[in-house]
Amino acid sequence: MESPNRQLPVVVPAVRNYMIVTAAYWGFTLTDGALRMLVLLHFYKLGYSPLMLSLLFLLYEAAGVLANLIGGWLATRFGIARMLTVGLMTQIIGFMLLSQLDPTWTAAMSVAWVVISQGICGVAKDLTKTASKSAIKITQAEAKTQSNGQLFKWVAWFTGSKNAMKGFGFFLGGVLLQAVGFQWSLIAMAGLLALVLIGVISSLPPMIGKSKASKSAKELFAKNQGLNALSAARVVLFGARDVWFVVGVPVFLYSVGWTFTMVGTFLATWTIGYGLVQALAPNIVKRSEDGLSREVPAARWWSLILALIPAAIAVIVWQDVPNLEWWVVGGLGLFGFAFAVNSSVHSYLVLAYAGSEKAAEDVGFYYAANALGRFFGTLMSGLLFQWGGLIYSLIGSAAMLSICWMATLRLPVKPMLQLESNKDST
């Protein structure tokens, strides 16, 4: 008679690896969120325009496009744990370079130094993200837990808790900047990441996720219809968030009298709430046995709902109602709820469409689109805010979300294996 605990040696290490990767990404995300607040508020205080502030983040976002594509391929070839280690080490290097910024340098030299340092951090972020999210698919397969409901729960918890940690990072960045200044904040965060790095090296199997990588660029980019449509939607989804969130909202709130700590605390609260909603998304979105027939329509409906929110806030800003900042804060809360559900469904769908053998490559391709959206959103955030204030940023967000909704109409509702079977039979 077989023991009921026979699967334990397989399941327990897989769940353990999932928890280690999640904890490591928490530490990374905490410092990454703090970095954004440090740079944004420090240089706004120095008198940088909204456009210049957005330019400081451009290489950070642009580097992510290439880092995701290459990182997915490298994680498949050399193992997820190794790429997670490289990502953490790269972030530490970026922090230490940024901490060496000298206030006596010229504005041009300071901008160049910050952009390059931020670019290094951008590479670090997306190498770490690709490795971490790929590990979810791998550990699910290792645990022999093929339930789509279980996958949705793991993805939602990872994504939601990560974004909650990013919210704490926003708060940490505002507090550190006010308490110890720009340089010492960066040094302290580099020390925290060094501890995380030691934990990853000492506890995570180095070969996890290693598989046969694609041999050509054509094979790397030849994704299925689901991944292609989802990646197109992801570009405009995250562009629509960042077009008013990166520069517009923090600068708007600071300009109406909020302090650094108040701005950081609000953005932290928003992001933590956003992360909690993401983690609860499996309880909000009805799940189906095949993993797609209910989830895909949910992605479409939530995209449509989301597009209406910034359009409504833009009308309120145009009317210049009393206590406008609180209307903006309330509208951002509604936006965050709908965006969190939408983003969580997308994060699940990318793994539902991806194959487990080259999950890192598929996830890397998808998050390259994510990084492209952040790049475009960051650039337009500075441009639109400088051209017409917050209302232009909101109109841009609504337009992008309308495109996102149209892209979700192309998402396949049938599982990919069934689609391939139908195709072969015709």
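Residues numbered from 1 in each chain as written. Predicted model: local features only at pLDDT ≥ 70, side-chain atom pairs only at ≥ 80, totals over all residues. Heavy atoms only, no water.

Draft legend 1. Examining the overall build of the protein more closely. When helices and strands are tallied, the protein shows 15 helices and 0 strands. Looking at the protein as a whole, 58% of its 426 residues are labelled buried. Counted over contacts in the protein with a minimum sequence separation of 6, partners at least 24 positions apart contribute 88%. Carbon and sulfur atoms make up 68% of the accessible area of the protein, which totals about 17,300 Å². (Helix = DSSP H or I, 4+ residues; strand = E, 2+ residues; numbered from the N terminus. Buried < 20%, exposed > 50% of the residue type's maximum accessible area, 1.4 Å probe, protein only. Contact = heavy atoms within 4.5 Å. Areas by Shrake-Rupley, 256 points an atom, 1.4 Å probe, with all protein chains shown as cover.)

Draft legend 2. Highlighting the packing of helix 11 (residues 295-319) against helix 12 (residues 324-353). Interhelical geometry of helix 11 versus helix 12 gives an angle of 160 degrees and a closest axis separation of 9 Å. Classified by the angle their axes make, helix 11 and helix 12 are roughly antiparallel. Considering how the two elements wind past one another, helix 11 and helix 12 form a crossing that is left-handed. In terms of residue class, the contact of helix 11 with helix 12 is made up of 23 nonpolar, 4 polar and 1 charged. (Axes fitted to C-alpha atoms, helices over the stretch in contact; angles between N-to-C directions. Parallel < 35°, antiparallel > 145°, perpendicular 65-115°, else oblique. Left-handed = near helix turned anticlockwise from the far one by under 90°. Nonpolar A, V, L, I, M, F, W, Y, C, P; charged D, E, K, R; others polar.)

Draft legend 3. Molecular detail of helix 12. With 30 residues, helix 12 extends 42 Å from end C-alpha to end C-alpha; this agrees with the ideal 44 Å at 1.5 Å per step. For helix 12, a buried count of 23 out of 30 residues is recorded, marking the element as mostly surrounded by other parts of the structure. (Expected span 1.5 Å × (residues − 1).)

Draft legend 4. Region of interest: the packing of helix 12 against helix 14 (residues 390-408). Axis separation between helix 12 and helix 14 bottoms out at 14 Å; the angle between their running directions is 25 degrees. Considered as vectors, helix 12 and helix 14 are oriented roughly parallel to each other. For the pair helix 12 and helix 14, the sense of crossing is left-handed. Contacts between helix 12 and helix 14 involve Val 328, Phe 335 and His 346 from the first element and Leu 390, Ser 397, Leu 401, Cys 404 and Thr 408 from the second. Residue classes in the contact of helix 12 with helix 14 are distributed as 5 nonpolar, 3 polar and no charged.

Draft legend 5. Spotlight on the side chain of Thr 271. With respect to the helices and strands, the residue Thr 271 is situated in helix 10 (residues 260-284). Ignoring anything within four residues of it in the chain, the contact list for Thr 271 reads Asn 163, Ala 164, Lys 166, Gly 167, Phe 170 and Phe 245.

Draft legend 6. Representation of the environment of Ile 284 within the structure. For Ile 284, the location among the structural elements is in helix 10. Sequence-wise, Ile 284 and Ala 298 are 14 residues apart; in three dimensions their C-alpha atoms are separated by 9.8 Å. With sequence-adjacent residues up to four places away left out, Ile 284 is seen in contact with Val 277, Trp 302, Phe 337 and Val 341.

Draft legend 7. Broad picture of the pattern of salt bridges. Applying the stated criterion across every chain, the model contains 1 salt bridge. Where Arg 241 meets Asp 242, a salt bridge forms, and the shortest distance between an N and an O atom there is 2.8 Å. As far as burial versus exposure is concerned, Arg 241 and Asp 242 are alike and both buried. (Salt bridge = Lys/Arg side-chain N within 4 Å of Asp/Glu carboxyl O.)

Draft legend 8. Here's a closer look at unusual backbone geometry. The phi torsion at Asp 320 lies on the positive side, around 50 degrees, for a residue other than glycine. With respect to the helices and strands, Asp 320 occurs in the loop between helix 11 and helix 12. Although it is not a glycine, Asn 323 adopts a positive phi angle of roughly 55 degrees. Within the element layout of this structure, Asn 323 appears in the loop between helix 11 and helix 12. Here Asn 323 falls in the exposed class, since its relative accessible area comes to 55%.

Draft legend 9. Fine view of a nonpolar patch on the surface. Where nonpolar side chains cluster on the molecular surface, the patch consists of Trp 301, Leu 304, Ile 403, Trp 405, Met 406 and Leu 409 and spans about 600 Å² of accessible area. Elements with a contribution of two residues or more to the nonpolar patch: helix 11 and helix 14. Counting residues per element, the nonpolar patch draws most heavily on helix 14, at 3 residues. On the secondary structure map, Met 406 appears in helix 14. (Patch = residues over 30% accessible without salt bridge, like charges linked within 9 Å, V, L, I, M, F, W, Y side chains within 5 Å.)

Draft legend 10. Examining the environment of Leu 58 more closely. The residue Leu 58 is located in helix 2 (residues 50-78) in this model. For Leu 58 and Phe 376, which are 318 residues apart along the polypeptide, the C-alpha to C-alpha distance reads 8.6 Å.

Draft legend 11. Focus on helix 14. Taking 1.5 Å as the rise per residue, helix 14 with 19 residues should run 27 Å; its terminal C-alpha atoms sit 27 Å apart, in good agreement. Leu 390, Ile 391, Ser 393, Leu 394, Gly 396, Ser 397, Ala 398, Met 400, Leu 401, Cys 404, Ala 407 and Thr 408 are the residues of helix 14 that are buried.

Draft legend 12. Summary view of the nonpolar core. Formed by 107 residues in total, the largest nonpolar core has its most connected members in Val 39, Phe 43, Leu 56, Phe 182, Trp 244, Phe 335 and Leu 349. Here this core takes 15 residues from helix 12, the largest share from any one element. Setting aside its immediate chain neighbours within four residues, Trp 244 contacts Val 249, Ile 313, Leu 332, Phe 335, Ser 381, Leu 390, Ser 393, Leu 394 and Ser 397. (Core = buried A, V, L, I, M, F, W, Y, C linked by side-chain atoms within 4.5 Å.)

Draft legend 13. Representation of the packing of aromatic side chains within the structure. Applying the stated criterion to the full structure yields 13 aromatic pairs. Residues Tyr 25 and Phe 28 carry aromatic rings whose centres are separated by 6.0 Å and whose planes lie at 10 degrees to one another, so their mutual orientation is stacked. Placement of both Tyr 25 and Phe 28 in helix 1 (residues 8-45) is noted, with a separation of 3 residues, approximately one turn of the helix. Just as Tyr 25 is buried, Phe 28 falls in that class too. What links up through ring pairs into an aromatic cluster is the set Phe 238, Trp 244, Trp 270, Tyr 274, Phe 335 and Phe 339. (Phe/Tyr/Trp six-rings, centres within 6.5 Å; stacked < 30°, edge-to-face > 60°.)

Draft legend 14. Representation of the confidence of the model for the protein in the model. Averaged over every residue, the pLDDT of the protein is 78; the share at 70 or more is 78%. Note on residues 417-426: pLDDT is under 50 here. Beyond four places in sequence and across chains, it has 3 contacts. (pLDDT = per-residue confidence, 0-100.)

Draft legend 15. Looking closely at the environment of Gly 331. The residue Gly 331 is located in helix 12 in this model. A residue is classified by how much of its surface remains accessible, and Gly 331, at 8% relative accessible area, is buried. Once the C-alpha coordinates of Gly 331 and Ile 316 are considered, the two residues, 15 residues apart in sequence, prove to be 9.7 Å apart.

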